[in-house]
Amino acid sequence: MAEQEYDYDLFVIGAGSGGVRASRIASSHGARVAVAEEYRVGGTCVIRGCVPKKLLVYGSHFAEELQDAANYGWTVDKMNFDWPTLRDAVNKDVDRLNAAYTSTLENNKVERFLERATITGPHSVKLADSGREITAKYILVATGAWPVTPTFEGAEHCITSNEVFHLPELPRKVIIAGAGYIALEFAGIFNALGSHVTVVNRSETLLRGYDETLRDRLLQITMARGIEYKFNCPFEKVVKREDGCMEAYLKNQPDPIVADVILVATGRKPKVEGLGLENAGVELGERGEIKVDEHNRTSCDSIYAVGDVTDRVQLTPVAIREGQAFADRVFGGIERKVDYDCIPSAVFSQPPLAAVGLTEGQARNRYGNVKVYSSDFRPMKNVFGHRPERGLYKMVVDANTDKVLGIHMIGPEAPEILQAAAVAVKAGLTKAAFDDTVALHPSMAEELVLLK
Ligand code: NDP
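In this text the structure is predicted, and so the values were computed from the model without any measurement.

### Observations regarding the overall build of the protein chain
Part 1 of the argument: On a plain count of helices and strands, the protein chain comes out with 11 helices and 21 strands.
Part 2 of the argument: Relative to the 2.2 N^0.38 estimate, which gives 22 Å for 452 residues, the radius of gyration of the protein chain is 24 Å and therefore close to what a compact globule would have.
Part 3 of the argument: Summarising its shape, the C-alpha atoms of the protein chain cover approximately 70 × 65 × 45 Å along the three principal directions.
Part 4 of the argument: The buried share of the protein chain, reckoned over its 452 residues, is 51%.
Part 5 of the argument: Considering only contacts within the protein chain whose residues lie at least 6 apart along the sequence, 62% involve residues at least 24 apart.
Part 6 of the argument: A total of about 21,300 Å² of accessible surface is found on the protein chain, and carbon and sulfur atoms cover 50% of it.

As structure tokens, this is what we get:
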């Protein structure tokens, strides 16, 4: 088919972070672009992920601020929290962002189809509602990922992070399955809002991949705050009682645990089901992810994929970079590849964790001779607030070159501080460069230039 005979130059499936970025950049390079979205423009991050979650973190954090207020001379007569008010305000902001993302597509002349699209061939898709067949020179799959729920009896009574933003009321007792990002972020939110939280994991590890000392610190602080943990306890079954409560039967636990809500946060898998990838010979990997090369191209030359559906790094800013690189290269003739080295990440638990670069273990495996510097300190705010909780910052350094290989932090505002420090790690700066920088006093961030 000649180029001009295609309906579009690019057809994007999925209007999330990666899909929207790719659409608007391709359009800015002069491509005729359409995008199909079966749910809401904005994707997981905006609609049911990072953004509403962060607003809930902010909302729940007031509990601590209000408790501490008295030490600063404030009289807070009565603390009262209303879940529907916070929930509805958060969902209203999601509506605002959904509209903003929609305008972005409109302003960039990207045509939108708010329905499901299925691939019917290397250059064609079919829309589910209208039944219309559309052709495109290139197709980009940016359908993201979807929560995985392990198989056990009664799993249908549990909710996932898709539903948690719409709970009719604040649960008195919550069980959270999993001990990864989503589990620990919601454990912090519900705990701060006054729910009793039990985190249940199949293994004895929380936040796999993060520095061990930081993980221990998080465990210690959150247990002191009242979160209960059950490790090595896979779910056996969940029974919904007549009064609406759930009984969770766990391996290695003699009695069931009772809760109003069970949130399953046991990972997310690429969303490929029913996409018709087989009609174009698009190959999947072992985890069901779309296999792509360094340019985001699948095993079918005209089909590309970016973001969580490729299961490389499941983070919004990475999907955005992949979408940008794809559109710049294919439609703008700009040779661009995503650099996956030194991607900073954070867990918005309470307190939060943040990290960039190699952990101590990874660095020892790769470089052999490494030095570790740390600061274990009680933030001024916590001292004044009579909170025993301590922050911990660690820096992993190549002993031969003095180059900083990784920074790992737990403590108030750790993600905000780490983003700036990540620039230095990415730039390959040395420990001496940190030491040469004068401390900004009094701050928590100054610990980074005073590490011993
Ligand atoms: P994670 O991969 O972070 O954690 C999954 C958890 O579930 C682990 O504790 C894991 O246990 C457990 N688990 C995995 N499979 C099973 C199973 N079959 N049965 C029982 N337990 C299981 O997943 P999340 O769902 O928390 O988050 C998904 C992804 O979303 C993250 O990887 C991250 O990329 C992204 N995300 C990022 C955020 C951020 O940047 N702040 C926030 C939220 C999500 P074990 O460790 O023992 O294997």
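### Structural notes on the site of the ligand
Part 1 of the argument: If you check the shell around the ligand, you find 20 residues, and the closest are I182, R202, S203, Q314 and A346.
Part 2 of the argument: Take N201: an N or O atom from its side chain is 3.3 Å from an oxygen atom of the ligand.
Part 3 of the argument: R202 is positioned such that a nitrogen or oxygen atom in its side chain is 2.6 Å from an oxygen atom of the ligand.
Part 4 of the argument: In isolation the ligand exposes 910 Å². Once the protein is present, 77% of that is buried.

### Examining the state of the cysteines
Part 1 of the argument: Per the counting criterion, the structure on display carries 0 disulfides.
Part 2 of the argument: With no disulfide of its own, C233 lies closest to C158 among cysteine sulfurs, the gap being 15 Å.
Part 3 of the argument: Left without a disulfide partner, C245 is nearest to the cysteine sulfur of C158, which lies 14 Å away.
Part 4 of the argument: In this structure C245 comes out as buried when scored by relative accessible area, which is 11%.

### Things to note about the UniProt feature "domain: FAD/NAD(P)-binding" (unreviewed entry) in the protein chain
Part 1 of the argument: Cross-referencing UniProt, the feature "domain: FAD/NAD(P)-binding" (unreviewed entry) maps to residues 8-323 in the present numbering.
Part 2 of the argument: The span residues 8-323 is 31% helical and 22% strand by assignment, and the distance between its end C-alpha atoms comes to 18 Å.

### Section: the UniProt feature "active site" (unreviewed entry) in the protein chain
Part 1 of the argument: Taking the UniProt record as the reference, the feature "active site" (unreviewed entry) is found at H441.
Part 2 of the argument: Examined against the element boundaries, H441 turns out to sit in the segment after α11 (431-436).
Part 3 of the argument: H441 gets classed as exposed once you look at its relative accessible area, which sits at 64%.

### Considerations on the sheet that holds strand β13 (residues 257-259)
Part 1 of the argument: With antiparallel pairing, the 3 strands of this open sheet are ordered in space as β11-β12-β13. Strands with a single pairing partner mark the edges of an open sheet, and in this sheet they are β11 (235-240) and β13. With strand direction ignored, the average angle separating the axes of adjacent strands in the sheet is 25°.
Part 2 of the argument: In terms of strand pairing, strand β12 (residues 246-250) meets β13 through 3 bridges, oriented antiparallel. Pairing of M246 across the sheet is with A259, part of β13.

### Considerations on the environment of F231
Part 1 of the argument: Structurally, the position occupied by F231 is in the loop between β10 (228-230) and β11.
Part 2 of the argument: Considered as a pair, F231 and V199 are 32 residues apart in the sequence and their alpha carbons are 8.2 Å apart.
Part 3 of the argument: Among residues more than four places away in sequence, those in contact with F231 are N201, S203, E204, T205, L206 and L219.

### Section: the packing of aromatic side chains
Each aromatic ring pair is characterised by the separation of its centres together with the angle its planes make.
Part 1 of the argument: All told, the structure shown has 13 aromatic pairs when counted by the stated rule.
Part 2 of the argument: Between F11 and F113 the ring centres are 6.2 Å apart and the planes differ by 25°, which places this aromatic pair in the stacked class. With a gap of 102 residues between them, F11 in strand β1 (residues 8-13) and F113 in strand β3 (residues 111-113) connect regions that are remote in the sequence.
Part 3 of the argument: Residue classification places F113 among the buried positions, given a relative accessible area of 9%.
Part 4 of the argument: Measuring from centroid to centroid gives 5.7 Å for F165 and F186, while their planes differ by 70°, and the two rings are edge-to-face. Taken together, the residues F165 in the loop between β7 (145-147) and β8 (173-177) and F186 in helix α5 (residues 181-193) connect sequence positions 21 residues apart.
Part 5 of the argument: Ring pairing ties together the aromatic residues Y138, Y304, F326 and F331, which thus form one cluster.
Part 6 of the argument: Across the ring face of W146, the terminal group of K271 is positioned such that the distance to the ring centre comes to 4.5 Å.

Conventions adopted
- Residues numbered from 1 in each chain as written.
- Predicted model: local features only at pLDDT ≥ 70, side-chain atom pairs only at ≥ 80, totals over all residues.
- Heavy atoms only, no water.
- Helix = DSSP H or I, 4+ residues; strand = E, 2+ residues; numbered from the N terminus.
- Rg over C-alpha atoms; globule rule 2.2 N^0.38 Å.
- Buried < 20%, exposed > 50% of the residue type's maximum accessible area, 1.4 Å probe, protein only.
- Contact = heavy atoms within 4.5 Å.
- Areas by Shrake-Rupley, 256 points an atom, 1.4 Å probe, with all protein chains shown as cover.
- Near = heavy atom within 4 Å.
- Polar contact = N/O pair within 3.5 Å; in protein donor to acceptor, adjacent residues only side chain to side chain.
- Disulfide = S-S within 2.5 Å.
- UniProt positions renumbered as here; feature names shortened; annotations may be inferred.
- Pairing = 2+ DSSP bridges.
- Axes fitted to C-alpha atoms, helices over the stretch in contact; angles between N-to-C directions.
- Phe/Tyr/Trp six-rings, centres within 6.5 Å; stacked < 30°, edge-to-face > 60°.
- Lys NZ or Arg CZ within 6 Å of the ring centre and 35° of its normal.

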